[in-house]
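Next come the chains, spelled out residue by residue.
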Amino acid sequence: MADSEKQFDVAVIGAGPAGMMAAIAAAEAGSRVAVLEKNSRPGIKLLLTGNGRCNFTNAQPDLKKLVAAYGVSGPFLFNAFSRFDFKNAIDFFEKMGIKTKAEDKQRMFPRSDEAKDILDALVAKMDGLGIVVKYGATVKSLVRDGRLVKEIILEIGKIFAKNVIIATGGKSYGVTGSTGDGYFLAEMLGHRIAKPVPSLVPIKIAESWVKDLQGVSVERAGVSIVKNGKKGNMKTGAVLFTHFGLSGPLILDLSGLVGKELAGGKISLSINFLPDLNFEELERKLIKDFQNNGSKGLKNCLAGSLPRKIWFQILALAEVDPEKHANGITREERRRIIARIADFPAAVFGLLGFEEAIITAGGVNPKEIDGKTMRSKIIDNLFFAGEIIDVHGPTGGYNLQQCWSTGYVAGKSAAENS
Ligand SMILES: Cc1cc2nc3c(=O)[nH]c(=O)nc-3n(C[C@H](O)[C@H](O)[C@H](O)COP(=O)(O)OP(=O)(O)OC[C@H]3O[C@@H](n4cnc5c(N)ncnc54)[C@H](O)[C@@H]3O)c2cc1C
């Protein structure tokens with residue numbers, strides 16, 4: 001490697017969304033930038049986002065609400081959002097020729113439904129700015145000299161840069177390259193790491209019926225956590241049944257709480273398949289539906305309201321024969337069915353691990369990072385961006401927006417420090 005290929009104003013470790021945005025922001029500010037990526041290509045996790053469609057931001061216009069979505073550490077992001085928010089993210093990609101669209105709850109996607117378009121735009125922008133991207137470049141350690149990083153040690157060779165941005169992500173979906181290396185690198189330089197734990201993760205269910213429902217999804221279900229016979233608040237959203245249990249946005253968002261409750265003892269979930277109807281409304285709906293389908297088997301009822309496989313499971317749990325004629329249902333049977341539609345029990349067996357977690361909670365303590373610049377409070381030429389920082393949001397585009405915002409600020413600040 002020639003000397004000119006080893007000396008940079010800014011070296012970014014990791015070509016994920018946060019690292020690419022940081023590199024772009026630094027290069028736009030005039031810095032000579034290198035991105036060091038251990039994989040042979042960039043943004044492997046980015047391609048998986050939103051089921052391959054990339055929910056790239058959440059258009060929550062209320063800054064206070066946006067910050068609140070990230071929990072107790074949310075206020076750390078306030079400055080970064082003030083400098084680069086969802087509008088900037090949309091604008092950034094639209095200027096690169098990507099048309100965007102909003103879906104449920106302000107979730108933003110490329111209109112093409114292709115995560116690849118988002119990745120291609122970032123890569124094209126990096127190319128256009130002359131950013132040097134080194135693939136197969138695994139950073140092994142960072143050499144510290146007082147309050148500065150002096151050298152970046154790769155598996156083979158060294159790189160020198162006036163500033164270093166760590167954007168190595170978390171340690172979930174390790175096959176994508178996010179294997180938690182950044183925690184080790186940050187710790188090496190004196191940072192404290194909050195224990196990484198899988199977050200936004202599917203839930204394993206004990207009952208065997210889950211296998212029968214595999215692949216079924218419900219756009220709007222209600223789910224409550226039940227502990228010691230007490231039902232908690234119901235949350236609503238989309239639920240997906242899988243071969244091991246439950247997934248989908250609502251379940252992923254509940255998984256943090258489920259994990260905490262599970263640590264204190266056995267819990268189950270109560271699923272309400274028609275959460276917008278109270279008991280009386282549900283009873284009226286069933287009476288009408290049973291009347292309309294009088295001579296038909298019960299199995300043909302509620303066709304437009306519930307997926308067929310779920311309806312069968314409800315009837316099985318309510319111990320009502322699906323072959324029975326709808327007009328032959330007793331009041332007692334109807335009430336048993338209603339009870340199961342509104343309270344379908346699922347015993348929690350556990351959570352899936354890092355391999356299936358959408359994000360890793362934990363990471364570099366935001367108290368040790370200056371929120372205005374993303375600069376380390378311990379090392380003067382070190383910056384952080386993305387999931388490595390211990391600030392995470394729910395599903396809905398919040399986590400990628402965190403990457404764009406912290407990446408932008410880290411890149412600009414590192415350039416100013418060059
Ligand atoms: C299945 C799935 C779906 C998701 N869907 C969404 C969604 O729709 N919307 C949303 O907002 N969020 C979503 N997320 C979360 C989102 O993908 C992450 O928050 C985001 O990718 C984090 O970006 P990052 O740049 O911080 O890290 P990463 O994307 O993890 O990138 C880190 C990069 O650093 C590299 N690296 C690691 N260690 C080293 C090293 N030692 N040397 C060199 N390079 C290294 C890795 O190879 C990787 O390329 C999803 C996540 C998953 C797993």
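Fair warning: this is a prediction, and the values are worked out from it, not measured in the lab.

**A closer look at the overall build of the chain**
Scanning the chain from terminus to terminus reveals 13 helices and 21 strands. Each of the three principal axes of the chain carries a C-alpha extent, and together these read 85 × 45 × 35 Å. Considering only residue pairs separated by 6 or more positions, the chain has 73% of its internal contacts joining residues 24 or more positions apart.

**What about the site of the ligand?**
Of all residues adjacent to the ligand, which total 39 residues, the nearest are G14, G16, G169, G177 and G386. Every element with two or more residues in the shell around the ligand is listed here: helix 1 (17-28), strand 2 (33-37), helix 2 (44-52) and helix 13 (398-416). Among the elements that take part in the shell around the ligand, helix 2 stands out by supplying 6 residues, more than any other.

**A closer look at the domain arrangement of the chain**
By convention, interface size is frequently given as the accessible area that disappears when the constituent parts associate. Taken as a whole, the chain is organised into domain 1 (3-199 + 359-416) and domain 2 (202-352). In this complex, domain 1 contributes 4 residues to the contact, which on the side of domain 2 involves 6 residues. Residue composition of the side of domain 1 that touches domain 2, by class: 2 nonpolar, 2 polar and no charged.

**Concerning the nonpolar core**
Within the largest apolar cluster, 76 residues are counted, with the highest numbers of intra-cluster contacts made by A11, A22, A23 and I165. Sequence-distant contacts of I165, defined by excluding residues within four places in its chain, comprise V10, V12, I13, A22, F383, A385, A410, G411 and A414. I203, L240, I314 and A346 belong to the second-largest nonpolar core, a separate cluster that totals 44 residues.

**Structural notes on the sheet that holds strand 3 (residues 57-58)**
Strands sit in the order 3-5-4 across an open sheet of 3 strands; the sheet is antiparallel. Two strands bound the open sheet, and with one partner strand each, they are strand 3 and strand 4 (100-103). Where strand 3 lies against strand 5 (residues 107-110), 2 bridges are found, and the strand directions are antiparallel. For T57, the partnering residue across the bridge sits in strand 5 and is M108.

**Description of the pairing of strand 12 (residues 217-227)**
Where strand 12 meets strand 14 (residues 235-241), 5 bridges bridge the pair, whose relative direction is antiparallel. Residue pairing in the sheet places V218 in a bridge with V239 of strand 14. In the sheet, strand 12 pairs with strand 16 (residues 268-272) via 5 bridges, with the strands oriented antiparallel. Paired with V226 across the two strands is S268, which belongs to strand 16. In terms of strand pairing, strand 12 meets strand 13 (residues 230-231) through 2 bridges, oriented antiparallel. Residue V226 lies in a different strand from strand 13, and its bridge partner there is K231. Hairpin connection between strand 12 and strand 13: a loop of 2 residues separates the two successive antiparallel strands, and N228 in this loop has a positive phi of roughly 50 degrees.

Rules and cut-offs
- Residues numbered from 1 in each chain as written.
- Predicted model: local features only at pLDDT ≥ 70, side-chain atom pairs only at ≥ 80, totals over all residues.
- Helix = DSSP H or I, 4+ residues; strand = E, 2+ residues; numbered from the N terminus.
- Contact = placed C-beta atoms within 7 Å.
- Near = placed C-beta within 6 Å.
- Domains from an automatic or database assignment.
- Nonpolar A, V, L, I, M, F, W, Y, C, P; charged D, E, K, R; others polar.
- Core = buried A, V, L, I, M, F, W, Y, C linked by C-beta atoms within 7 Å.
- Buried ≥ 20, exposed ≤ 12 C-beta atoms within 10 Å, placed from the backbone.
- Pairing = 2+ DSSP bridges.

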